[in-house]
Amino acid sequence: MFTYRYRELSVALAKKGDYRVALARELRLHPEEIFNLQVERFSLDSRRKGDPKWSYNVIFDLKREVRATGNHAKGLVAATRDKESLESDPNVAMPGHIDVIGAGPSGLWAALHLLRKGFAVDLYEQGKCVEERFRDIRRFFVDRKFNAYSNVLFGEGGAGAFSDGKLNTRTRNLFTEQVLHDMVEFGVDESVVTFAKPHIGTDRLVLLLRKMRAEIERLGGKIHFSTALEDIEIRQGKITAIKLRNVILERGYGRPIESIAPITRVNPSESRQSSATSSWNETKCSDGIQRSVYTASSNSYWKPCEALVLAVGHSARSIYEMLHTRGVALESKAFAMGVRVEHPQALINIRQLGLNVDTKLTGSAEYFLATPTLNKTSSAYSFCMCPGGVLVPCASEPGTLATNGMSYSRRNGPFANGAIAVPIAASDNLFGGLEFQRKIESDAYAVGGKNYAAPAQSIKAFLAHREDKSLPKTTYPCGLVQSNLWDWMDKTICKSLAEGFQNFNKKIPGFIEEGLIVAPETRTSSPLRMSRNNETLESVNTRGLFVLGEGAGYSGGIVTSAADGVRLAHYAKKDKLV
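Each chain has its residues counted from 1, following the order in which its sequence is written. Residues qualify for local features only when their pLDDT is at least 70, as the model is predicted, and side-chain atom pairs are given and counted only at 80 or more; totals for whole chains, interfaces and linings, by contrast, use all residues. No hydrogens and no water enter the side-chain calculation; it runs on all heavy atoms of the structure.

1. Digging into the overall build of the protein chain
- If you tally the helices and strands in the protein chain, you get 13 helices and 27 strands.
- When a residue's accessible area, from a 1.4 Å probe over protein chains only, is under 20% of the maximum for its type it is buried; when over 50% it is exposed; and in between it is partly exposed. Burial statistics for the protein chain: of 578 residues in total, 56% are counted as buried.
- Residue contacts are defined here by distance: any two heavy atoms, one from each residue, within 4.5 Å place the two residues in contact. Contacts in the protein chain between residues far apart in sequence, at least 24 positions, make up 74% of those at least 6 positions apart.
- Each accessible area is a Shrake-Rupley result for a 1.4 Å probe, and residues are judged covered by the shown protein chains and nothing else. With an accessible surface of roughly 25,000 Å², the protein chain has 48% of that area assigned to carbon and sulfur atoms. By the criteria applied, helices consist of DSSP H or I runs no shorter than four residues and strands consist of E runs no shorter than two, each listed in order from the N terminus.

Listed below in structure tokens is the structure:
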């Protein structure tokens, strides 16, 4: 057998999936002469406006040798089917029981794969299960009463559960591939493994999360919702105990964690007996399954911990502050802030795909834009673009406002939205970036009237430094307030955005004329990083503390965050930590 790859095999838009016939035609073979044909990657090629096609990269076997001549000379190459190996990866010693904090992608996948390797796992999430979280978010859009624990950012699934649901990643390796195969196991269409820009949508993510939760529990994992990490105990450079808080929710509304108190020394073996009224109680989630929640008269309790997997999201600010207080190594890092922009999806479809293209076949069009600004000292770029999506408020603290975009699986809404972000350099002050975020968010909350209405401005008015007399329709659910962003947003960010919009209008005519700004977008990534050993994923100065995902500052997006969890589980080996 001779093995070949064919790159950029073109297939007509209406013939999606007919790559065998297309390959046979290109090679002048009968389709039955092609063996072991596999798709490695496929995408939509829209470079030729008005005539987009599917483009496939495939690997296959032939019984006879063929030469690369004519039209397919560039696409056909000899190949082998070598597989990656992980044999040289490090072994990370871990005890038989592991506590995981955070039920976002990195925490869920760490728990799942640790359980599959035979570890015992307790998974703690300060928010609610995704079904109840979904109801809390809908309620918030109506009554504007902020829930500090169950919102667009916090709860089962993490921030990614209420986003565009993109599954594409620049990093393709065995860990990211495992994540995608797991998703297929939990009911996601198998095309996510091979499509270059896979997308799942909030509605299907909810279904995936329910199935994943059931599998974790089937394997013996214990999931504790409404349970927040409040503190940690470190002795001689090693984590020895964690303090958890049973989050009390009254009529569905949360209250923020209280300020960190000095550690009270405890005997870990007696931690569960610290209160005469403490007990493990059963609570029924909306899916009908009973789950244990530890309750105490003080709402907080200590428990011994030999290995802690910290898989919090990039908005868990109280965790950063607590870790810093306890001496865990953190470092400032670069991030980005800006605004969301909204356009009619029809405009984006025409500009990106061309006229008379059936978007039922292609899906709603996306854009990816970037340009240097301010004499090449800065830049502006699109981020987390949501075709056919909606805008949502995503505050994580009372008295603040940030925005985000999300899409459902069909992406068939009338508007497109995306973040336009400007890089922010790492601060010399450890918490300087976080405080910069907070200032913009608190200013936005005040400008919006302190009821989660968002400051908004047409791009045309923004470039003219004036407030609009009226605003167009929007998908943002909590209302808009006319505002001149130059009056309260950072001027350097505004200048960079202004140059970016003018450049983007050359690439997508109408970007300025039909664009609406909804501000601010501050949560592109964390301004802090939990310093870790990149071989073991363990904190550089706290043994037994493993830090993962976006909150740790080492990933971006659903798949790379989940892959961090898979990676840790793959490295883990049962052994006593020293």
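2. As for the sheet that holds strand S1 (residues 2-11)
- Taken together, the four strands give an open sheet; going across it, the order is S2-S3-S1-S4, and neighbouring strands pair in antiparallel fashion. Edge positions in the sheet fall to strand S2 (35-45) and strand S4 (76-78), since each has one partner strand and no second. Pairwise comparison of adjacent strand axes, ignoring direction, gives a mean angle of 15° for this sheet.
- One ladder, built from eight bridges, connects S2 with strand S3 (residues 53-62); its direction is antiparallel. Looking across to S3, one finds that Gln38 is bridged to Ile59. Pairing between strands is defined by DSSP: at least two bridges between them are needed. Axis lines are fitted through C-alpha atoms, for helices just across the contact stretch, and the angle between N-to-C directions can take any value from 0 to 180 degrees.

3. Some thoughts on the side chain of Lys303
- Locating Lys303 in the fold gives a position in strand S13 (residues 300-304).
- By relative accessible area, Lys303 is classed as buried at 7%.
- At a separation of 3.1 Å, a polar atom in the side chain of Lys303 contacts the side chain of Asp99. Here a polar contact is recorded for every N or O atom pair within 3.5 Å, except that within protein the pair must consist of a potential hydrogen donor and a potential acceptor, and residues adjacent in sequence are included only if both atoms are side-chain atoms.

4. What about the pairing of strand S10 (residues 238-246)?
- A large share of S10 lies buried, amounting to nine of its nine residues.
- One ladder, built from eight bridges, connects strand S9 (residues 227-235) with S10; its direction is antiparallel. Of the residues in S10, the one forming a bridge with Arg235 is Lys238.
- Hairpin connection from S9 to S10: two residues lie between these consecutive antiparallel strands, with Gln236 at a positive phi of about 55°.

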